[in-house]
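# Per-entry structural report
What follows is the residue order along each chain.
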2 protein chains.
Amino acid sequence: MSKLKVPYKTYLSEDEIPKSWYNVRGDMKTKPAPFLNPGTHQPMSADELRPVFCDELIKQELDNDTRFIEIPDEIYEFYKMYRPSPLVHAEFLEKALDTPAHIFYKFEGNNTSGSHKLNSAIAQAYYAKKQGLKGVTTETGAGQWGTALSMACAFFNLDLKVFMVKVSYEQKPFRREVMRTYGASVTPSPSDTTEVGRKILAEFPGTNGSLGCAISEAVETAVKTEGYRYVLGSVLNQVLLHQSIIGLETKAALDKCGIKPDIIIGCAGGGSNLGGLISPFMGEKLRGEADYRIIAVEPASCPSFTRGRYAYDFADTGMVCPLAKMYTLGHDFMPSPNHAGGLRYHGMSPILSELYDEGLMEAVAVEQTKVFEAAEQFARTEGILPAPESSHAIRVAIDEALKCKETGEEKTIVFGLTGTGYFDMVAYQSFNDKTMSDYIPTDEDLEKGFAGLPKI
Amino acid sequence: MSKLKVPYKTYLSEDEIPKSWYNVRGDMKTKPAPFLNPGTHQPMSADELRPVFCDELIKQELDNDTRFIEIPDEIYEFYKMYRPSPLVHAEFLEKALDTPAHIFYKFEGNNTSGSHKLNSAIAQAYYAKKQGLKGVTTETGAGQWGTALSMACAFFNLDLKVFMVKVSYEQKPFRREVMRTYGASVTPSPSDTTEVGRKILAEFPGTNGSLGCAISEAVETAVKTEGYRYVLGSVLNQVLLHQSIIGLETKAALDKCGIKPDIIIGCAGGGSNLGGLISPFMGEKLRGEADYRIIAVEPASCPSFTRGRYAYDFADTGMVCPLAKMYTLGHDFMPSPNHAGGLRYHGMSPILSELYDEGLMEAVAVEQTKVFEAAEQFARTEGILPAPESSHAIRVAIDEALKCKETGEEKTIVFGLTGTGYFDMVAYQSFNDKTMSDYIPTDEDLEKGFAGLPKI
């Protein structure tokens, strides 16, 4: 087995869980572009955001300067339920690949939500409760975020209304039942319960739904319901802030093992996991203290980084949200229905978009059959059945480790294993049955999405 | 929160994983009764067992004396993938119940098989591989054992044929896909691929299947296929031996915290989890070094301890297996189809049967709606969605904690949280929809099962 003298799993102790989140914007010279009011094209003020978001979260959203923000006690207590998460030395995978590379992964799936999403869900539920709200609304795609938020809301006794992308709602009835067990109500999106949903249904009657569309419905419901606000599981600056706990723990565990990574890899849909994982490493890079290769991995069927445009766009299909400057495929873009799992959002976190635009990180797009091949190999060697999303990172980690095999380099690769695939067995079944196919949008497909970008 | 000064989760370090399994039979004055040859009614010799079981496992099965058996390196390496499992101080549940009791649970669900079954699966796969076999056969009920064994066989590159109880096969297609992802073949039982399956199908065409019936098919297939043996996930002495790692870790973690439990609670189907959890505590009890209340919890719909007979019976419906002396409802007994989840075996581990018969432990039967009420409360407070099986133990742990609330006693309760319920959402859905019902067999129902007991 490996020559490295580190445990298979490195757990921090309970009191080593970070006491503060790290806000990478504090170290960015060029800050991420502000949200714009879609009417005036002026930066959105806190007051303008207040009907949609919780007050404290708006503060975090707009704070481009404070580097460390203390984690409130109630959130810290909840973190102790499932954190610290282990940093795993993938000895069995290294052996199977016969690579000189050292591979580590930060495993965020050992909680009932099955992913890292819980890190931000509990924070957002806490601030909503603290503000005295009755409940919150949200959207969910693959269902990880909705599940996480339902757990968080149950913990603080908050009501929760979830709009679930229709194709996921149908493919994943069990996700819905987990949310219901935690007391949430779940509606397939687009639905006839909102104006925007009815409009989209009228225009595209057979639609599978999209995250952008579910966001529109959730925002409309929050704004129109007394005592409710809207919360979002990715893309936003506040979410990356909360998710920094992944990276902070990863860095602390690596430091404990005396290891400095060469390559850091994460899957990227809206950017919550990747942004959280890389934050302290990117901080060092921004401050000129260290250098790392940082790789975002996205599906070839929804390639916002690798084939999108860096432009202002609506965060949602229904155009009820503020405009965000981000790498985007256009808010009308809908990934092919044969695309399994999450990572199907048309845009990308404004923070990551800015960092990518500055050349501080790379991006790779991978096809899903290759992703599931990596998932199967990982499951069989490392004993964890990964989420399709996470398997994008596994794919590229394996590819980089195989390059090391060719060159003989002993690089250290760290990737984020964001979650488990227990609710993704429909996708695994199509892989097992060899009926899974790939889809790469043509340039013409993408042009249609770009045509809908607002002129700013 | 709690006054106890212990972490929320206690993890042993990797090198504190026990190096040996503990064989409680070594401390039992009256040993569990031996298997009998169904033809001669004489104890089965190792040679008679050899066509069915692996050689080394037969040795372990028949060894009533050796107290500690070293864990081979290859198994120990695999254990490091998912062990040590955490001992959790259920602070949030204590708070919700407002009880002076201290509640701890040993959580065995943080691995892809979703339960403790992996502890024995990897051991049995290892010994099969060591013997140079091509593959193994087995049965699975709720699917936990089959999943665990598929992971273990993938790790050692062994072929695996699983017979899955028909009702579970239909209710849990995703369990099947996990097993397939790990390379196993899965057949619903009863099937037409075996003589015994065809016979049962002819006699009961609409049957939902049972563990006893799936065992018959798996044994027949093993015996008739060159290079194959049969492996079993519960009931057997060898399984309790491997599962002792649960109890050894639990005791080590409690000792680390300076805590001596008053009550130890585990769910009991065939007895693998309960037998493993209690083993070191029972050892102390047998040696007169300490005393504990030990409670087995079983479903009211399949009450082998509380309403069964302590008698020799067939381990399987098809009567191809040896006779085992155990608490049994008769090998013809099939639990009502409205019973969700596992714990549906007609008999009980011979070791536990003997200990129960000697009055060294108690047993309680609980109804499933009460079980799911406990599961929901646990999920919402402790953040883990429990398996229906495990929730039997949660139910009684909560009941005991509520008794402490009445009496004001500060008892320490430890229970086994054997697994997660992510593949049990059909059952949760019926609970959420309030369509779940209870079923308690009448005395007449039970008499029918007893009528089939062999005359010895």
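Residues numbered from 1 in each chain as written. Chains lettered and ligands numbered in written order. Predicted model: local features only at pLDDT ≥ 70, side-chain atom pairs only at ≥ 80, totals over all residues. Heavy atoms only, no water.

### Overview of the relation of the copies chain A and chain B
The transform that puts chain A on chain B rotates by 180° and translates by 0.0 Å along the axis, for an RMSD of 0.0 Å. Both copies are brought into coincidence by an operation consistent with a two-fold rotation axis. Of every C-alpha in chain A, the one belonging to Asn110 of chain A sits nearest the axis of rotation, 3.1 Å from it. Of the residues that chain A buries at the interface, 100% are likewise interface residues in chain B, meaning the two copies contact each other through the same surface. (Least-squares fit on C-alpha atoms with pLDDT ≥ 70 in both. Contact = heavy atoms within 4.5 Å.)

### Observations regarding the pairing of strand S15 (residues 412–417) of chain B
In the case of a regular strand, side chains alternate between the two sheet surfaces. Residues and elements named next belong to chain B. Burial analysis of S15 places six of its six residues in the buried class, the great majority of the element. The alternating pattern of S15 places Thr412, Val414 and Gly416 and Ile413, Phe415 and Leu417 on opposite faces, both of which are buried. Bridge count for strand S10 (residues 263–267) against S15 is three bridges, and the pairing is parallel. The partner of Ile264 across the bridge, within S15, is Val414. (Buried < 20%, exposed > 50% of the residue type's maximum accessible area, 1.4 Å probe, protein only. Helix = DSSP H or I, 4+ residues; strand = E, 2+ residues; numbered from the N terminus. Pairing = 2+ DSSP bridges.)

### Quick look at the side chain of Thr381 of chain B
With respect to the helices and strands, the residue Thr381 of chain B is situated in helix H15 (residues 368–382). Here the side chain of Thr381 of chain B touches Gln377 of chain B through a polar contact of 2.8 Å, landing on its backbone oxygen. When neighbours within four sequence positions are excluded, Thr381 of chain B is seen to be in contact with Met81 and Phe155 of chain A together with Phe92, Leu93 and Ala96 of chain B. (Polar contact = N/O pair within 3.5 Å; in protein donor to acceptor, adjacent residues only side chain to side chain.)

### Quick look at the packing of aromatic side chains
For the structure shown, the criterion picks out 45 aromatic pairs over all chains. Their ring planes at 55° and their centres at 5.9 Å tell us that Tyr126 of chain B and Phe156 of chain B sit as a pair that is tilted. With Tyr126 of chain B in helix H5 (residues 118–130) and Phe156 of chain B in helix H6 (residues 144–156), the pair connects residues that are 30 residues apart, well separated along the chain. The buried category is assigned to Tyr126 of chain B, whose relative accessible area is 10%. What links up through ring pairs into an aromatic cluster is the set Tyr8 and Phe92 of chain A together with Phe78, Tyr79, Tyr82, Tyr126, Tyr127, Phe155 and Phe156 of chain B. (Phe/Tyr/Trp six-rings, centres within 6.5 Å; stacked < 30°, edge-to-face > 60°.)

### A look at the pattern of salt bridges
All names here are of chain A. All told, the structure shown has 60 salt bridges over all chains when counted by the stated rule. Two residues, Arg67 and Asp27, come together in a salt bridge whose shortest N-O distance is 3.1 Å. Residue Arg67 is located in the loop between helix H2 (55–62) and strand S3 (68–70), and its partner Asp27 is located in the loop between strand S2 (20–22) and helix H1 (46–49); the two are separated by 40 residues in the primary sequence. Note that Arg307 and Asp443 form a salt bridge whose closest N and O atoms lie 2.8 Å from each other. With a gap of 136 residues between them, Arg307 in helix H13 (residues 304–307) and Asp443 in helix H18 (residues 443–451) connect regions that are remote in the sequence. (Salt bridge = Lys/Arg side-chain N within 4 Å of Asp/Glu carboxyl O.)

### Looking at unusual backbone geometry
Backbone geometry follows two general trends: most residues other than glycine have a negative phi, and most peptide bonds adopt the trans configuration. Residue Pro84 of chain A follows Arg83 of chain A across a cis peptide bond; omega there is -10°. Tracing the backbone shows Pro84 of chain A in the loop between helix H3 (73–82) and strand S4 (87–89). With an omega dihedral of 5°, the bond running from Ser189 of chain A to Pro190 of chain A counts as a cis peptide bond. For Pro190 of chain A, the location among the structural elements is in the loop between strand S8 (185–189) and helix H9 (195–203). Phi is positive for Lys434 of chain B, close to 60°, though the residue is something other than glycine.

### A closer look at the environment of Ile200 of chain A
Residues and elements named next belong to chain A. Among the secondary structure elements, Ile200 is positioned in helix H9. Linking Ile200 and Tyr105, residues 95 residues apart in sequence, is a C-alpha distance of 40 Å. Not counting chain neighbours up to four residues away, the residues in contact with Ile200 comprise Pro190, Thr207, Cys213 and Thr317.

### Brief notes about the domain arrangement of chain A
Often, the extent of an interface is quoted as the loss of accessible area upon association of its parts. All names here are of chain A. When the domains of chain A are assigned, the result is domain 1 (9–18 + 84–114 + 237–450) and domain 2 (21–26 + 33–69 + 116–230). The C-alpha-based centres of domain 1 and domain 2 are spaced at 22 Å. Facing the 50 residues of domain 1 at the interface are 51 residues of domain 2. Regarding the contact of domain 1 and domain 2, the summed buried area is about 4,400 Å², with carbon and sulfur atoms giving 62% of it. Summed over the three residues of domain 1 that lose the most area to domain 2, namely Gln238, His242 and Phe423, the buried surface amounts to 16% of that side. At the surface where domain 1 touches domain 2, the tally comes to one salt bridge. Linking domain 1 with domain 2 are 16 residue pairs in polar contact (both at pLDDT 80 or more), by the criterion used here. Listing elements by their share of the side of domain 1 that touches domain 2, those giving two or more residues are helix H11 (237–257), helix H12 (272–286), strand S12 (309–314) and strand S13 (323–328). At 10 residues, H11 tops the list of elements feeding residues into the side of domain 1 that touches domain 2. The residue makeup of the side of domain 1 that touches domain 2, split by class, is 24 nonpolar, 19 polar and seven charged. (Domains from an automatic or database assignment. Buried area = accessible area lost by both parts, 1.4 Å probe. Nonpolar A, V, L, I, M, F, W, Y, C, P; charged D, E, K, R; others polar.)

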